[in-house]
There are 4 protein chains.
Amino acid sequence: MSHKTCVIIGAGEGLGHALSRRFAEENFNLALISRSKEGSRAALEEAQKSFKDGKHLHFFGDALQPESITEAAQKVIETYENIEVLIYNVRGGYELKEPLDMTFSDLESIYKIEVVGAFAAVKVLLPGMIEKKQGKIIFSSATAALRGSGTNPIYAIGKFGLRALSQNLAKAYSKKGVHISHVRLDCALDVPLIREWYGKNFKEEETANVHDVAQNYWWIYLQPKSAWSNEVELRPFTEDWTF
Amino acid sequence: MSHKTCVIIGAGEGLGHALSRRFAEENFNLALISRSKEGSRAALEEAQKSFKDGKHLHFFGDALQPESITEAAQKVIETYENIEVLIYNVRGGYELKEPLDMTFSDLESIYKIEVVGAFAAVKVLLPGMIEKKQGKIIFSSATAALRGSGTNPIYAIGKFGLRALSQNLAKAYSKKGVHISHVRLDCALDVPLIREWYGKNFKEEETANVHDVAQNYWWIYLQPKSAWSNEVELRPFTEDWTF
Amino acid sequence: MSHKTCVIIGAGEGLGHALSRRFAEENFNLALISRSKEGSRAALEEAQKSFKDGKHLHFFGDALQPESITEAAQKVIETYENIEVLIYNVRGGYELKEPLDMTFSDLESIYKIEVVGAFAAVKVLLPGMIEKKQGKIIFSSATAALRGSGTNPIYAIGKFGLRALSQNLAKAYSKKGVHISHVRLDCALDVPLIREWYGKNFKEEETANVHDVAQNYWWIYLQPKSAWSNEVELRPFTEDWTF
Amino acid sequence: MSHKTCVIIGAGEGLGHALSRRFAEENFNLALISRSKEGSRAALEEAQKSFKDGKHLHFFGDALQPESITEAAQKVIETYENIEVLIYNVRGGYELKEPLDMTFSDLESIYKIEVVGAFAAVKVLLPGMIEKKQGKIIFSSATAALRGSGTNPIYAIGKFGLRALSQNLAKAYSKKGVHISHVRLDCALDVPLIREWYGKNFKEEETANVHDVAQNYWWIYLQPKSAWSNEVELRPFTEDWTF
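These numbers come from a predicted model, not from an experiment.

Draft legend 1. Seen up close, the overall build of chain A. Counting secondary structure elements, chain A contains 7 helices and 9 strands. Since a compact globule built from 243 residues should have a radius of gyration of about 18 Å, the 17 Å found for chain A is in line with a globular shape. Overall, the C-alpha framework of chain A stretches about 50 × 35 × 35 Å when taken along its three principal axes. Taking the contacts inside chain A whose residues are at least 6 apart along the sequence as the reference set, 74% of them involve residues at least 24 apart.

Draft legend 2. Inspection of the interface of chain A and chain B at higher detail. Counting residues at the interface gives 38 residues for chain A and 38 residues for chain B. When the two sides are added together, the surface that chain A and chain B hide from each other amounts to roughly 3,100 Å², 70% of it contributed by carbon and sulfur. Joining chain A to chain B, the criterion identifies 0 salt bridges. For the pair chain A and chain B, the number of links is 16 residue pairs in polar contact (both at pLDDT 80 or more). Looking at the side of chain A that touches chain B, the elements that each hand over two or more residues are helix H4 (104–132) and helix H5 (153–173) of chain A.

Draft legend 3. Quick look at a nonpolar patch on the surface. All names here are of chain A. A cluster of nonpolar side chains, contributed by Leu96, Trp197 and Tyr198, occupies part of the molecular surface with about 350 Å² of accessible area. Tracing the backbone shows Tyr198 in helix H6 (residues 192–198). Accessibility expressed as a relative area gives 43% for Tyr198, which makes it partly exposed.

Draft legend 4. Structural context of the relation of the copies chain A and chain B. Structural alignment of chain A on chain B gives an RMSD of 0.0 Å, achieved by rotating through 180° and translating 0.0 Å along the axis. The transformation relating the two chain copies, once decomposed into turn and shift, fits a two-fold axis. Interface overlap between copies: 100% of the residues of chain A at the interface are likewise at the interface in chain B, consistent with a symmetric, same-surface contact.

Draft legend 5. Expanded view of the packing of aromatic side chains. In total, this model carries 40 aromatic pairs over all chains according to the counting rule given. An angle of 65° between the planes, with centres 5.6 Å apart, marks the rings of Phe104(A) and Phe119(B) as edge-to-face. Residue Phe104(A) is located in helix H4, and its partner Phe119(B) is located in helix H4 (residues 104–132); the two belong to separate chains. Overall, Phe104(A) belongs to the partly exposed group, its relative accessible area being 34%. Among the residues examined, Phe119(B) registers a relative accessible area of 0% and is labelled buried.

Draft legend 6. Molecular detail of the packing of helix H1 (residues 15–25) of chain B against helix H2 (residues 41–50) of chain B. All names here are of chain B. Contact pair H1 / H2: the axes reach a minimum separation of 8 Å and the direction vectors enclose 15°. With respect to H2, the element H1 is oriented roughly parallel. When the axes of H1 and H2 are compared, the crossing they make is right-handed. Seen from H1, the contacting residues are Gly16, His17, Ser20, Arg21, Ala24 and Glu25; seen from H2, they are Ala42, Ala43, Glu46, Ala47 and Ser50. Across the contact of H1 with H2, the residue classes tally to 4 nonpolar, 4 polar and 3 charged.

Draft legend 7. Local environment of the sheet that holds strand E3 (residues 57–60) of chain D. Residues and elements named next belong to chain D. Read from one edge of the open sheet, 7 strands run E3-E2-E1-E4-E5-E6-E9, paired in parallel fashion. Bordering the open sheet on either side are E3 and strand E9 (231–234), each of which pairs with just one other strand. With strand direction ignored, the average angle separating the axes of adjacent strands in the sheet is 20°. As defined by bridge partners, strand E1 (residues 5–9) adjoins strand E2 (residues 29–34) across 5 bridges and the pair is classed as parallel. By the bridge assignment, Ile9 is partnered in E2 with Ile33. Seen against the sheet, helix H4 (residues 104–132) touches E1, strand E4 (83–88), strand E5 (135–142) and strand E6 (178–185) and runs at an angle of roughly 170° to E4.

Draft legend 8. Spotlight on the side chain of Ser229(A). Within the fold, Ser229(A) resides in the loop between helix H7 (210–222) and strand E9 (231–234). Residue classification places Ser229(A) among the buried positions, given a relative accessible area of 3%. In terms of polar contacts, Ser229(A) uses its side chain to reach the backbone carbonyl oxygen of Glu233(D), at 2.7 Å. The contacts of Ser229(A), once residues within four sequence positions are left out, are His179(A), Ile180(A), Ser181(A), Gln223(A), Val232(D), Glu233(D) and Leu234(D).

Draft legend 9. Spatial organisation of the pattern of salt bridges. Counting across every chain of the model gives 64 salt bridges over all chains. For Arg21(C), the salt bridge identified is with Glu25(C), shortest N-O distance 3.6 Å. With a gap of 4 residues between them, Arg21(C) and Glu25(C) both fall in helix H1 (residues 15–25), about one helical turn apart. The partly exposed category is assigned to Arg21(C), whose relative accessible area is 27%. In this structure, a network of salt bridges that share partners links the residues Arg21(A), Arg22(A), Glu25(A), Glu26(A) and Glu46(A).

Draft legend 10. Region of interest: the side chain of Asp186(B). All names here are of chain B. Of note, Asp186 is situated in the loop between strand E6 (179–185) and strand E7 (188–189). Looking at Asp186, the relative accessible area reads 7%, which means it is buried. Of note is the side chain of Asp186, whose polar atom sits 2.7 Å from the side chain of Arg235. In this structure Asp186 touches Thr143, Leu234, Arg235, Glu239, Trp241 and Phe243, once residues within four positions along its chain are discounted.

Draft legend 11. Spatial organisation of the pairing of strand E2 (residues 29–34) of chain B. All names here are of chain B. Extensive coverage of E2 is indicated by the burial of 6 of its 6 residues. Side-chain alternation along E2 places Asn29, Ala31 and Ile33 on one buried face and Leu30, Leu32 and Ser34 on a second face that is also buried. Note that E2 and strand E3 (residues 57–60) share 4 bridges and pair parallel. The residue of E3 that forms the bridge with Ile33 is Phe59.

Draft legend 12. Representation of the nonpolar core. Judged by nonpolar contacts, the single largest core of 98 residues is most densely connected at Leu126(C) and Leu126(D). For Leu126(D), the contacting residues outside a window of four places in its chain are Leu100(C), Ile137(D), Leu169(D), Tyr173(D) and Val178(D). In this structure, Val7(A), Leu100(A), Leu107(A) and Phe59(B) belong to the second largest nonpolar core, which totals 97 residues.

Rules of the game
- Here the residue numbers are simple positions, counted from 1 along each chain's written sequence.
- Following the order in which they are written, the chains are lettered starting with A and the ligands numbered starting with 1.
- Where totals are concerned, whole chains, interfaces and linings use all residues; where local detail is concerned, this predicted model gives features only for residues with pLDDT of at least 70, and gives and counts side-chain atom pairs only at 80 or more.
- To get the side-chain values, all heavy atoms of the structure are used, and hydrogens and water are removed first.
- A run of H or I in DSSP becomes a helix once it reaches four residues, and a run of E becomes a strand once it reaches two; helices and strands are each numbered from the N terminus.
- In this treatment the radius of gyration is a C-alpha quantity, and the globule benchmark scales as 2.2 Å times the residue count to the 0.38 power.
- Pairs of residues are marked as contacts when any of their non-hydrogen atoms sit within 4.5 Å.
- Two parts placed together each lose some accessible area under a 1.4 Å probe, and the buried area is that loss summed for both.
- Any Lys or Arg side-chain nitrogen located within 4 Å of an Asp or Glu carboxyl oxygen qualifies as a salt bridge.
- Pairs of N or O atoms within 3.5 Å make up the polar contacts considered here, provided that, within protein, one atom can donate a hydrogen while the other can accept it, and that residues adjacent in sequence are counted only when both atoms are side-chain atoms.
- Note that patches include only residues with greater than 30% relative accessible area and no salt bridge, and the join distances are 9 Å for like charges and 5 Å for nonpolar side chains (Val, Leu, Ile, Met, Phe, Trp, Tyr).
- Each accessible area is a Shrake-Rupley estimate made with a 1.4 Å probe; only the visible protein chains count as cover when residues are assessed.
- Three labels apply to residues, based on accessible area from a 1.4 Å probe with only protein chains included: buried if under 20% of the type maximum, exposed if over 50%, partly exposed otherwise in between.
- Least-squares fitting of one copy onto the other uses the C-alpha atoms of those residues that reach a pLDDT of at least 70 in both copies.
- Only Phe, Tyr and Trp rings take part, Trp by its six-membered ring, and two of them pair if their centres are within 6.5 Å. Stacked means planes under 30 degrees apart, edge-to-face means over 60, and tilted covers everything else.
- Between N-to-C directions, angles cover 0 to 180 degrees, with each direction set by a line fitted to C-alpha atoms, over the stretch in contact for helices.
- Oblique is the label for any angle not covered by the other classes, which are roughly parallel (under 35 degrees), roughly antiparallel (over 145) and roughly perpendicular (65 to 115).
- Each crossing gets its hand from how the near helix is turned against the far one by less than a right angle, where anticlockwise is left-handed and clockwise is right-handed.
- Residues are grouped as follows: nonpolar covers Ala, Val, Leu, Ile, Met, Phe, Trp, Tyr, Cys and Pro; charged covers Asp, Glu, Lys and Arg; every other residue, Gly included, is treated as polar.
- One bridge is not enough; two strands pair if DSSP finds at least two bridges between them.
- Nine residue types can take part in a nonpolar core, namely buried Ala, Val, Leu, Ile, Met, Phe, Trp, Tyr and Cys, and a core is a set of them joined through side-chain atoms within 4.5 Å.

So yeah, pure geometry; function would need other evidence.
Right under this line is the structure:
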């Protein structure tokens, strides 16, 4: 029998590569979808290192063109059996501007990235899970999904939409045996982008370690069907928790 | 000095006409934006009846084409002074389908209707309010803004997005003196559509009366700046309240 | 026919006296319950000034001895007809300490003040409202009802409990025609205690004016039964809004 | 070096015995606190079976007499080293009555059971965790902590208070290295009481299996300090999810 497959959309050098490694360590095949093979190189290498005999492949997909996510997901279906896990880990740029400075293009992009792209993947991959009454779909999200912002409004609009999608799916398909979970990261992650952003002010202990987060995704995967979490929050012990 | 103006986008025969009447009763000019003058006929007549000397006009605008909302709002600015209130009262069809049956077109439409259209209006009308450090923007929303659904998923995606937009705006512009409020109607409204839908099972006391709702919008308008509500919930006394 | 009566428990010189004035202005009799007549002097004077022919009386009641609230409420029933409004406006001291420094006595006191005292009043006054299918019960609360605190933990425990009580009552008795509402003040109030506390750092525009808040209570009173708010939030336009 | 110790307060034949087994399987000593050794017999036997060389003991403690919880916790401290986990798993009777039928005694009891008893245990056991910058405190809770009820109001008042306590503690002591988590069970558990209650209508798949829940507690224990959940929700795949 073939190995189980985990599909990660948005498999870059941040949380993506940690997720790739964590599932590969459990002998999952990794199907990695992102805008460029180069961007997923770390994720792919981690997978190959952790599960040498696995079938780990990169597929082109760009959430800004949701139809490319559809196509990538379809290729994944043609390439793999036993697709057990879909992780949607895409995120838009974290662009600070006040709401009135948002452009219509900003609104369109964030919606494609957070909602339409996610739905494109779900639309292709969920029916097979329902058929087998088994499967896990995990959305990487943030506190921005629960609270708007005067300085980072675009991100909130995207994440609110993603959370709505996640709840919709959970309410419709949990009973069919598919576990859908929205993971709210209430913190900054320890990823290259954040280290660069904070520069000298970066403090490792004030961020979530991506491998620790990936471990939590693994536990969500393991949750037995009598005790599922549909919404998960994660924050480091240092975080000032306001929501 | 010219009369104050209230702009209502989505001024149909449901809540829209009641809002039109309520603000006209207080001697507001009414600028009504909707897809057809015919659809806004009741709202226009109510305005004319309640404030005879008011300047009550209809402007074409269809949230499915957000640029038409932009244009309508611009015409409103050219036509009126003292624009004090913007009410975004548009809503999409309440189409029951399971999430996997949503189309990409559904996703695009609901986002335009609930988020992009609203933002289009805000983008034109808010700067003038900020300049005068005065103004009220009210979004008609629903419990679907807080909770997903397995049977009515499209609506939730739209309303979550609208709530994000509302919170973003409130957090950015309250300090500038503009009051932004998201009104969650946790119930069915007593409007022709709902009466038709429920047929014999319609029970008036299980719905919110649109004039009672409009009165609440009026109180939001009146709220002094030291005691604003940015999120308001309304439900009839009969409602089983689960969120 | 006799005038309507508003019962205010916790009628001091802060929000209490403003509520007293606001309802007296509408020709309500005021029944004021507090620990001392001296403490309610301002509230009583406001009532007498605003409604000269009203029957305005003080009754002794101390939430730390809930049975005294019961007795006071019983005297109110014997003294007045048409008791239409009950406002529970008591609050404990805002004592900053870390959770481990809370004493068992702190826990007992805050529960009496926020929950048992409120229930004592409700137990006496609600049945008459149910009988007449009419009445309003308003609880003065705070954001502490929704969010714990590492520095002011006692207050949160009390307010969470008060909110639970309020929701319980709303769910049980709305259908009987009694409107129960929990008012979350997401801010400091402009009251003597706060002015003293902040000293030179006090900024009027960063607080809610008690008369503006009282006006909002009045609107809650006016809400028609097809469009009630069971939870109301209020904050000044200057407030940084995090929950 | 001595084994780690897990303290369970409310170690009966429901979730308690499953938690006892799960931590014993990981070679934890179990300190079980409950009203009677007989009531904790199953929990004690599970511990002995799963970790034969462990030091598993029962201590008398009744949350209705919080001082007995204090005493039990003090005995636990004198008896064990390495107290790493405290699970507060007590709950009151699930008594259905409308709010007006609550007695003052009901209010007093539920507060002792849910809040004062929990705090009593925390007050004794948390300082040692802070000193070692290590430890986990888990509160068994329910959706009643987030939503009032017209038919089961006592329970909600207790659980709201417990959640406040949990958030207070998390906000004050996470930075000290102690992980505090509130587990919301959004469902019925498969325990003898529930089976008896539902009788013929009991459906196993509509409840959470206690061993599955205990496994989730174990994962909370394992969560690394860069990625903690302070609030966890659990429900079976069959649950109609309304909050």
